[in-house]
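Each chain, letter by letter, is given below.
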Amino acid sequence: MLLFCCIIHSDLSAQKKYDEKFIEALKKEALSSVASKEKGVQEMIDMVFSFGELGFQEFETSKYLTGVLEKNGFAVEKGIAGVPTAWMAKWGSGSPVIALGSDLDCIPKASQKPGVAYKDPIVEGAPGHGEGHNSGQSVIIFAAIAVKEIMEKNKIPGTIIIWPGVAEELVGTKAWYIRDGYFKNVDACIFTHVNGDFSCDYGDAGNNGLVSVKFSFEGDAAHAAGAPWRGKSALDAVELMDVGWNFKREHLKPTQRSHYVITDGGDQPNVVPSQASVWYYFRERTYDDIKSMYESGIKMAQGAALMTDTKFKYQILGTAWPGFFNKPLGEALHANIMKVGMPEWSDADQQLAKATQKLMEAPKKDQNGKEINGLRTTIDTLKGSVQFSWGGGSDDIADIAWNVPTIVLYYPANIPGLKGHHWGNAIAMATPIAHKGSLAGAKATALTLIDLFTNPKIVADAKDYFTNVQTKDVKYKPFITKDDPPATYLNKETMEKYREQMKKYYYDPSKYKTYLEQLGITYPTLEKK
């Protein structure tokens, strides 16, 4: 049931333009309101950190967040797009309709005590927030609550929607949200993501899109020593496909990224494997090149099946377009980032950052030539499209950005120069670094919401840029069809294995001021004693 798609009807022509002095007064009030919610930001960051849930299994996280939203007057539709942990929260009426999004999920084997600058898992082998997705919902939720209060007080029309990036690490849901119509009547989207910088960029940032595909082979078992000639090895098919793909790399563009894991290699060595599977990510810079890699992968699987006399099938598990973001939204957001400014880092914050950078063997400079030496203290200028990129990571926010004018706020809640997708990235994520950086992000988000609800020109310009620049020559084509279900079974077994152990360490804000206090951690802890 597409509840929100049916009840939201945006009419931007009716949006009122407000006096500049009035807008500045609202912004001053918004900054004060967000600042007053500092404790809530800290609690939410620490709580979601303690849940440590992998993609599609964010049940505790979603229950907690939707509870906060419902208590604050948002109507919540749960289980959207066939994803049990996905939801959309709505408040307000009329236009413009502004969506706020951020991710929820964490990283396998990334359990780590916060504030400790050496490997010290909370639960050995368990998942943890080694990306920092535990912080983003606090940015948008408390910004939205602050602006909601102001809009109610001043009778300002407009609609706020809050949504989660479920299973972002699997790029597993945002294309499905688009497919099922959940952004059909949204005027603009502000997405937030943890970073070491405080920034936003518009245009093509240089990242890759991807298709995530699982290839499954079926053969016939046999005694591996007694009668191997009677078996048809599905594992042989997987290995031949992998060999074939590795030879093909020479003939792919240098902008590609392709990688795989064998998710099922058989049961035991003395049985010819009757079933085996391999999971690929095919990444490239354009839709056409991604599609070409995807089609080559299917041919490779077909060839491996022919060579081994096995059968094969494949399933899309996730997808993301290459990113492209909105200039007018970026200009408005960047102006507000400058107004907020970088957080004031303490000596303890900088000590933890530098110790963690040393631990993770951070380079002296990042890919943009900026020095890596502790936490950032300055804000960069607004940047547009890159002239060229060798390729890189992916984020399915791009699927939304190719359907709705979108900008991404990078807020400074983690340490620059780390590896990413690693337990080391969890070290800062329930510490004052994450709390301060996320509060700054919430302030910038709140100020930008005020702009969007009081200045119709920004939304109109954003739509003009989307129509006449971004999508003038490139049109969105989904990789998924109506018959591709979200892969909600992923990570289920892992979370079932660790959840009971992890529950012992869920944050209890009724007893402890911070998660650091609950865990008995002295901040910062730089060396083992």
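Located above this text is the structure these notes cover.
Since the structure is predicted, the reported quantities are computational estimates derived from the model, not experimental observations. (Residues numbered from 1 in each chain as written. Predicted model: local features only at pLDDT ≥ 70, side-chain atom pairs only at ≥ 80, totals over all residues. Heavy atoms only, no water.)

Colleague: Can you lay out unusual backbone geometry for me, pointing to particular residues and giving the numbers?
Modeller: Going from S95 to P96, the amide bond is cis rather than trans, its omega being -5 degrees. The omega angle of the peptide bond from Y523 to P524 is -10 degrees, so this bond is cis rather than trans. Turning to its location among the elements, P524 is positioned in the segment after α15 (515–519). For K155, which is not glycine, the phi dihedral falls at a positive 55 degrees. Structurally, K155 can be placed in the loop between α5 (136–154) and β4 (158–165). Even without being a glycine, H421 presents a positive backbone phi close to 55 degrees. With respect to the helices, strands and loops of the structure, H421 is situated in the loop between β10 (406–412) and α12 (432–454). With relative accessibility at 48%, the residue H421 sits in the partly exposed group. (Helix = DSSP H or I, 4+ residues; strand = E, 2+ residues; numbered from the N terminus. Buried < 20%, exposed > 50% of the residue type's maximum accessible area, 1.4 Å probe, protein only.)

Colleague: Account for the side chain of H129, with residues named and values stated.
Modeller: Position of H129 among the secondary structure elements: in the loop between β3 (97–103) and α5. In this structure H129 comes out as buried when scored by relative accessible area, which is 1%. Once residues lying within four places of it in the same chain are set aside, the contact partners of H129 are V48, F49, G52, E53, L104, D105, C106, A110, N134, N425, A426 and M429. (Contact = heavy atoms within 4.5 Å.)

Colleague: With reference to specific residues and values, describe the sheet that holds strand β2 (residues 87–93).
Modeller: The six strands lie next to each other as β1-β2-β4-β3-β5-β10, forming an open sheet whose pairing is mixed. For this open sheet the edge positions go to β1 (75–78) and β10, each flanked by a neighbour on one side alone. Adjacent strand axes in the sheet meet at a mean angle of 20 degrees when their direction is disregarded. Note: β3 against β4, seven bridges, orientation parallel. Within the sheet, the bridge partner assigned to I98 lies in β4 and is I160. Along the sheet face, α5 touches β2, β3, β4, β5 (188–195) and β10 and points at about 170 degrees away from the line of β4. Against the sheet, helix α9 (residues 327–340) engages β5 and β10, with an angle of about 20 degrees to β10. (Pairing = 2+ DSSP bridges. Axes fitted to C-alpha atoms, helices over the stretch in contact; angles between N-to-C directions.)

Colleague: For the pattern of salt bridges, give the residues involved together with the corresponding values.
Modeller: All chains considered together, the criterion is met by 27 salt bridges. Here K232 ties to D309 by a salt bridge, and the two come within 3.2 Å at their closest N and O atoms. Here D309 lies in the loop between α8 (287–308) and β9 (311–320) and K232 lies in the loop between β6 (209–218) and α7 (234–248), a separation of 77 residues in the sequence. Among the residues examined, K232 registers a relative accessible area of 33% and is labelled partly exposed. One connected set of salt bridges, linked through shared partners, spans D197, D366, K370, R376, D380 and K383. (Salt bridge = Lys/Arg side-chain N within 4 Å of Asp/Glu carboxyl O.)

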